[in-house]
There are 4 protein chains.
Amino acid sequence: MSLEIPESLVISSDPLHPANLIPELCRTFYHLGWVTGTGGGICIRLDDKVYIAPSGVQKERIHPSHIFVLPYPQAFPNADRVFLRRPALDLKESACTPLFWNSFDLRGAGSCIHTHSQNAVMATLLWPGPVFTISHQEMIKGVRIGGVGAAMSYLDTLEVPIIENTPHEEDLRESMAEAMKKYPDAAAVLVRRHGVYVWGLDWQRAKTQTECLDYLFEVGVKMKLAGLQTVL
Amino acid sequence: MSLEIPESLVISSDPLHPANLIPELCRTFYHLGWVTGTGGGICIRLDDKVYIAPSGVQKERIHPSHIFVLPYPQAFPNADRVFLRRPALDLKESACTPLFWNSFDLRGAGSCIHTHSQNAVMATLLWPGPVFTISHQEMIKGVRIGGVGAAMSYLDTLEVPIIENTPHEEDLRESMAEAMKKYPDAAAVLVRRHGVYVWGLDWQRAKTQTECLDYLFEVGVKMKLAGLQTVL
Amino acid sequence: MSLEIPESLVISSDPLHPANLIPELCRTFYHLGWVTGTGGGICIRLDDKVYIAPSGVQKERIHPSHIFVLPYPQAFPNADRVFLRRPALDLKESACTPLFWNSFDLRGAGSCIHTHSQNAVMATLLWPGPVFTISHQEMIKGVRIGGVGAAMSYLDTLEVPIIENTPHEEDLRESMAEAMKKYPDAAAVLVRRHGVYVWGLDWQRAKTQTECLDYLFEVGVKMKLAGLQTVL
Amino acid sequence: MSLEIPESLVISSDPLHPANLIPELCRTFYHLGWVTGTGGGICIRLDDKVYIAPSGVQKERIHPSHIFVLPYPQAFPNADRVFLRRPALDLKESACTPLFWNSFDLRGAGSCIHTHSQNAVMATLLWPGPVFTISHQEMIKGVRIGGVGAAMSYLDTLEVPIIENTPHEEDLRESMAEAMKKYPDAAAVLVRRHGVYVWGLDWQRAKTQTECLDYLFEVGVKMKLAGLQTVL
């Protein structure tokens, strides 16, 4: 048995350790326009530990020492949040936490990414109903059923539910959970006028699915504006 | 008591010293298309000293030795400009200086950023009246009331006053000040066919608010061109 | 006679060795939006060896040790695929392999690039027929007749055949080959709702032709959306 | 008197030496989409020597050893081209050379940049007449009268002549010269369906003017497509 010192949770020489990966991925996402203005975020779960970027900071300037570590499982939001490690600095925990938890509890995800990509927001504006749909696009094959299952086929129609935004991010928890249950095959949930939550079994698959979905939102928006049908 | 040698004002091994930060931030802003063609600028105020990038130079190639340092407070434009430190090179002081001063004098800002972003310019063209408005966008929450107060709510409508451009940048001082007084909750002032001035309590908040506002100008322009209402 | 150890096929200190070039080029293509979400790929043939990036991985994170090496010539898809070297990791061979082979067998190409560029996909949507055409653009001069012959002239009309997508990438082999035979001067084949295959005598010419064609797809789409004629 | 060895013309530890600057600037221009597919180019003249990037190569991969050096003055195109230094590699001299010479002979420029920017090409398509015009844009102030004189005012209307493209780049020499004489205040010449030539007294001013003009082409195209008047 070893007495674990919390700081050791975020210090590693392995570039693929979550505490090193999260800052690197956030820099990449910043340059994609997904997490500017302190928006967006990412979490990575490894077994019973969840690593989360802090809230309200410049996402391209995060250091490993800024990472929060929480135990999994843990109930939200009825229980007070428990931390295995908090940054020494006066950083706020991510308001996305209960939403990230939805992806763990309802899908068994290992990582969840939240972006404010303009492609996602424009999709929610041009699809005023409860779901974004597109079919017959090769990039659909990069998305998995439910986000964690088998890869979709080129012949499948992609459906991403859209929930309405709320003033406080935490208050999206229930409507996001409902949408995930109503659309069990959905790999993501769009939030109207806000952005998107995408998950996967690990950070690689959460990231590549976020890329595929963002591509599909972008091409879908272009098609809609060009007067083309997005579902055949 | 120490005799301060002006050069020491811009020499520091701390990457977060204003003389090091300004060149780094200008490089970032260049790649965002905000300060190309020598346009745009940034200043950082620390207590009684103001650090400003020079005018008329390639903003992505600024070195710490190019930075001007002025004392604060200091009246503009009635008094001759006083410098604590001028670059040895034949560099021009920024024409934005009196406008940056507006943000210090009228809002108590600690940093002000000026961009020529095309999103800002297009917003001033598609909103021909005296104010840009948008509502129900998550990114509004990244903007603070008056630029230096509490964070705006998702339920607040963002208003950014638009002033008319003048042949000489200095001549914007009064109309910018008037707009800031008429719109005390505004976090920025747009200049028609020119760009935007955004401020914050420190460089981090000036930068992240510039990102949020630029995002909102961009999405607003896209919505307007797509025939969507930007205020509900 | 030397006993070649497979690992030596992908270990070189020469940055221009295919095993080093492929990861570098994939990073470049990722930042151009050509190979996000694990999509797209590239192969380089040197004499009797073909180097190919693996399938289903983040293309911007490939290492030389991930590269597959196949012998050339080799029949597809009737024969089982033969490898000179496979990665130790559990990586999948590229589904593009039979399509890359088309460029070797039918054109004598030395390199072939596959992108999911949105410019290519939008071109296939706005040109609903079997061929994309554009004329009177300087960038046409950067494309070679058949992809491997003499440079096209400014006075030539560029034609790129468009084939219909299939659920499995391998199944594009025959329709791609037919299109290449029907359009012997074509330097590329577009795949509707999917992307494009571009080849050249070596990686430099495959890459620069991919850039020229992507530029022409992009400007063609812009012209079409602006109501301009793309062929004079 | 020293016997100058040609190689020394392109070997320098000074990052601002033309042989080092040209590769660096070409990389920057590549990432701006100005010189992809081997298109575009740049030359820098220092006193009686002109440094030029080679033709037909990937512009983002140029090395100092690839640079051509020519003496100035030198007549084009009646005389055979004279070189002070040619690359050892089998590289082609730039077809832009006689056009760059126009900027030296007719304007006394010290540097000239040629881009294939899509903003320039789209401007030549949406302005079908012989000149692109825009007024009341702050970025006009970054352009100099004739490219080498005093800075333009916000109240000036920018005019950039547009010449028709020819199958061989060298054949643009006379029509470019005529346009420069007919529009003595023009800082650049657009080539329809091709790109733009921009010059300045030195590389800094050629580059920043290229950025300002590209910005103005881009915003002009956006305005035209949005149904806005570009000249008040």
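Quantities reported herein were computed from a predicted structural model and do not represent experimental measurements.

Basis of the calculations
Residues numbered from 1 in each chain as written. Chains lettered and ligands numbered in written order. Predicted model: local features only at pLDDT ≥ 70, side-chain atom pairs only at ≥ 80, totals over all residues. Heavy atoms only, no water. Helix = DSSP H or I, 4+ residues; strand = E, 2+ residues; numbered from the N terminus. Rg over C-alpha atoms; globule rule 2.2 N^0.38 Å. Areas by Shrake-Rupley, 256 points an atom, 1.4 Å probe, with all protein chains shown as cover. Lys, Arg positive; Asp, Glu negative; His and termini not counted. Charge placed at Lys NZ, Arg CZ, Asp CG, Glu CD. Contact = heavy atoms within 4.5 Å. Buried area = accessible area lost by both parts, 1.4 Å probe. Salt bridge = Lys/Arg side-chain N within 4 Å of Asp/Glu carboxyl O. Polar contact = N/O pair within 3.5 Å; in protein donor to acceptor, adjacent residues only side chain to side chain. Nonpolar A, V, L, I, M, F, W, Y, C, P; charged D, E, K, R; others polar. Least-squares fit on C-alpha atoms with pLDDT ≥ 70 in both. Buried < 20%, exposed > 50% of the residue type's maximum accessible area, 1.4 Å probe, protein only. Pairing = 2+ DSSP bridges. Axes fitted to C-alpha atoms, helices over the stretch in contact; angles between N-to-C directions. Left-handed = near helix turned anticlockwise from the far one by under 90°. Expected span 1.5 Å × (residues − 1). Right-handed = clockwise from strand over helix to strand, strands pointing away. UniProt positions renumbered as here; feature names shortened; annotations may be inferred. Phe/Tyr/Trp six-rings, centres within 6.5 Å; stacked < 30°, edge-to-face > 60°.

J.: Outline the overall build of chain A, listing residues and values.
T.: When helices and strands are tallied, chain A shows five helices and eight strands. A globule of 232 residues ought to have a C-alpha radius of gyration of about 17 Å, and chain A, at 17 Å, matches this closely. Carbon and sulfur atoms form 53% of the exposed surface of chain A, whose accessible area is close to 8,900 Å². In chain A, 21 side chains carry a positive charge and 25 a negative one; their mean positions are 3 Å apart.

J.: Before we move on, can you summarise the interface of chain A and chain B with the specific residues and values?
T.: Each partner contributes residues to the interface: chain A has 23 residues there, and chain B has 28 residues. Interface area lost by chain A to chain B is led by R61, Q118 and R193 of chain A, which between them contribute 33%. On the surface where chain A and chain B come into contact, there are two salt bridges. Here E60 of chain A ties to K207 of chain B by a salt bridge, and the two come within 2.3 Å at their closest N and O atoms. The element best represented in the side of chain A that touches chain B is helix α3 (residues 118–126) of chain A, accounting for five residues.

J.: Before we move on, could you go through the interface of chain B and chain D and cite the residues and values that matter?
T.: Each partner contributes to the interface: chain B provides 23 residues, whereas chain D provides 28 residues. The largest contributions to the chain B side of the interface with chain D come from R61, Q118 and R193 of chain B, which together make up 33% of the buried area. Connecting chain B to chain D are two salt bridges. There are 13 residue pairs in polar contact (both at pLDDT 80 or more) connecting chain B and chain D. Take the side of chain B that touches chain D: its biggest share by element is five residues, from helix α3 (residues 118–126) of chain B. Taken together, the residues that form the side of chain B that touches chain D break down as seven nonpolar, 11 polar and five charged.

J.: Could you give me a rundown of the relation of the copies chain A and chain B, with the residues and numbers involved?
T.: With an RMSD of 0.0 Å, chain A superimposes on chain B once it is rotated by 90 degrees and translated 0.0 Å along the axis. In the structure described here, the two chain copies are related by an operation that fits a four-fold rotation axis.

J.: An account of unusual backbone geometry is needed here, citing residue identities and associated values.
T.: At the junction of Y72 of chain A and P73 of chain A, the peptide bond is cis and its omega measures out at 5 degrees in the coordinates. Relative to the helices and strands, P73 of chain A is located in the loop between β3 (68–71) and α2 (97–107). We note that D47 of chain B has phi near 55 degrees; this positive angle belongs to a residue other than glycine. Along the chain, the position of D47 of chain B falls in the loop between β1 (41–46) and β2 (49–52). Even without being a glycine, R193 of chain C presents a positive backbone phi close to 60 degrees. Note on placement: R193 of chain C falls in the loop between β7 (188–191) and β8 (195–200). With relative accessibility at 11%, the residue R193 of chain C sits in the buried group.

J.: How would you explain the sheet that holds strand β4 (residues 111–115) of chain B if you had to name every residue and give the values?
T.: All names here are of chain B. Pairing is mixed in the open sheet, where eight strands are placed in the order β3-β2-β1-β4-β8-β7-β6-β5. Across the chains shown, the open sheet's two edge strands, defined by having one partner strand only, are β3 (68–71) and β5 (131–134). Sheet twist, expressed as the mean angle between neighbouring strand axes with direction ignored, is 20 degrees. The pairing of β1 with β4 spans four bridges and is classified as antiparallel. Counterpart to I42 in the pairing with β4 is I113. The sheet contacts of helix α4 (residues 173–182) involve β6 (158–163), β7 (188–191) and β8 (195–200), and relative to β6 the element is tilted by about 155 degrees.

J.: Report on the arrangement of the chains, specifying residues and quantitative values.
T.: Note that chain B does not reach chain C: the shortest distance linking a C-alpha of one to a C-alpha of the other is 14 Å. Nothing in chain A touches chain D, and the closest approach of their C-alpha atoms is 14 Å.

J.: Which residues make up the sheet that holds strand β6 (residues 158–163) of chain C, and what are the values?
T.: Residue and element names in this part refer to chain C. If you trace the eight strands from one edge of the open sheet to the other, you get β3-β2-β1-β4-β8-β7-β6-β5, paired in mixed fashion. Two strands bound the open sheet, and with one partner strand each, they are β3 (68–71) and β5 (131–134). Strand-to-strand twist in this sheet, taken as the mean axis angle between neighbours without regard to direction, amounts to 20 degrees. The strands touched by helix α4 (residues 173–182) are β6, β7 and β8; relative to β6, the strand with the most contacts, the crossing angle is about 155 degrees.

J.: Any details on the packing of helix α5 (residues 203–225) of chain C against helix α3 (residues 118–126) of chain D? Residues and values, ideally.
T.: Where α5 of chain C meets α3 of chain D, the closest approach of the two axes is 11 Å, and the angle between their N-to-C directions is 35 degrees. Of the two possible hands of crossing, α5 of chain C and α3 of chain D adopt the one that is right-handed. Together, Y215, E218, V219, K222 and M223 of chain C of α5 of chain C and Q118, V121, M122 and L125 of chain D of α3 of chain D make up the contact between the two elements. By residue class, the composition of the contact of α5 of chain C with α3 of chain D is six nonpolar, one polar and two charged.

J.: Tell me what's going on with helix α1 (residues 18–31) of chain B, and back it up with residues and numbers.
T.: Under the 1.5 Å per step criterion, the end-to-end length of α1 of chain B is 20 Å for 14 residues, consistent within 8% with the ideal 20 Å. Taking burial as the measure, the 14 residues of α1 of chain B include 10 buried ones, the bulk of the element. For α1 of chain B, the secondary structure elements touched by its buried residues are β1, β2, β4 and α5 (203–225) of chain B together with α1 (18–31) and α5 (203–225) of chain D. G33 of chain B sits one or two positions beyond α1 of chain B and adopts a positive phi of about 80 degrees.

J.: Give me the pairing of β6 of chain B: which residues, what numbers.
T.: Residue and element names in this part refer to chain B. Of all six residues in β6, five are buried; the element is thus mostly enclosed. The pairing of β5 with β6 spans four bridges and is antiparallel. Each bridged residue has a counterpart across the sheet, and for T133 the counterpart in β6 is E159. Across two bridges, β6 lies against β7 in parallel orientation. Along β7, the bridge assignment pairs I163 with V191. With respect to chirality, the unit in which β6 leads through α4 into the neighbouring parallel β7 is right-handed.

J.: Got a sec to walk through the UniProt feature "active site" (unreviewed entry) in chain A? Specific residues and values, please.
T.: Following the UniProt record, the feature "active site" (unreviewed entry) maps to E138 of chain A here. Structurally, the position occupied by E138 of chain A is in the loop between β5 (131–134) and β6 (158–163). In this structure E138 of chain A touches Y154 of chain A together with H116, N165, T166, E169, R193 and H194 of chain C, once residues within four positions along its chain are discounted.

J.: Mind laying out the environment of R144 of chain D, listing which residues take part and the relevant values?
T.: Residues and elements named next belong to chain D. Relative to the helices and strands, R144 resides in the loop between β5 (131–134) and β6 (158–163). Separated by 61 residues in the primary sequence, R144 and R205 have C-alpha atoms spaced 9.0 Å apart. If near-sequence neighbours (up to four positions away) are discounted, R144 is found in contact with G149, A150, A151, M152, D185, A187, R205 and Q209. There is a polar contact of 3.1 Å between the side chain of R144 and the backbone oxygen of G149.

J.: Tell me about the environment of E164 of chain D, residues and numbers included.
T.: All names here are of chain D. Mapped onto the elements of the fold, E164 is located in the loop between β6 and α4 (173–182). With 34 residues separating them in the primary sequence, E164 and P130 have C-alpha atoms 8.7 Å apart. When sequence neighbours within four positions are dropped, the list of residues in contact with E164 reads L172, V191 and R192. Engagement of the side chain of E164 in a polar contact is seen with the side chain of R192, the distance being 2.6 Å.

J.: Mind laying out the pattern of salt bridges, listing which residues take part and the relevant values?
T.: Opposite charge on two side chains lets them pair, provided their charged atoms get close. Inspection of the entire model under this criterion finds 40 salt bridges over all chains. Residue E164 of chain C pairs with R192 of chain C through a salt bridge whose shortest N-O separation is 2.6 Å. Pair noted here: E164 of chain C is in the loop between β6 and α4 and R192 of chain C is in the loop between β7 and β8, with a separation of 28 residues, a long-range link. Three or more residues are tied together by salt bridges with common partners; here these are E60 of chain A together with K207 and E211 of chain B.

J.: A description of the packing of aromatic side chains should follow, citing residues and the corresponding values.
T.: Enumeration over the complete set of coordinates arrives at 32 aromatic pairs over all chains. Centre to centre, the rings of Y72 of chain D and W101 of chain D are 5.7 Å apart; their planes meet at 50 degrees, and the pair counts as tilted. In this pair, Y72 of chain D is assigned in the loop between β3 (68–71) and α2 (97–107) and W101 of chain D in helix α2, connecting sequence segments 29 residues apart. For Y72 of chain D, a relative accessible area of 18% translates into the label buried. Between the aromatic rings of F100 of chain D and Y197 of chain D, the centroid separation amounts to 6.1 Å while the plane-to-plane angle is 70 degrees, which identifies the pairing as edge-to-face. In this pair, F100 of chain D sits in helix α2 while Y197 of chain D sits in strand β8 (residues 195–200), placing the two residues 97 residues apart along the sequence. Residue F100 of chain D is classed as buried on the basis of its relative accessible area, which comes to 1%. The class for Y197 of chain D is buried, based on a relative accessible area of 1%. Ring pairs connect the aromatic residues Y72, W101 and F104 of chain A, which therefore count as one cluster.

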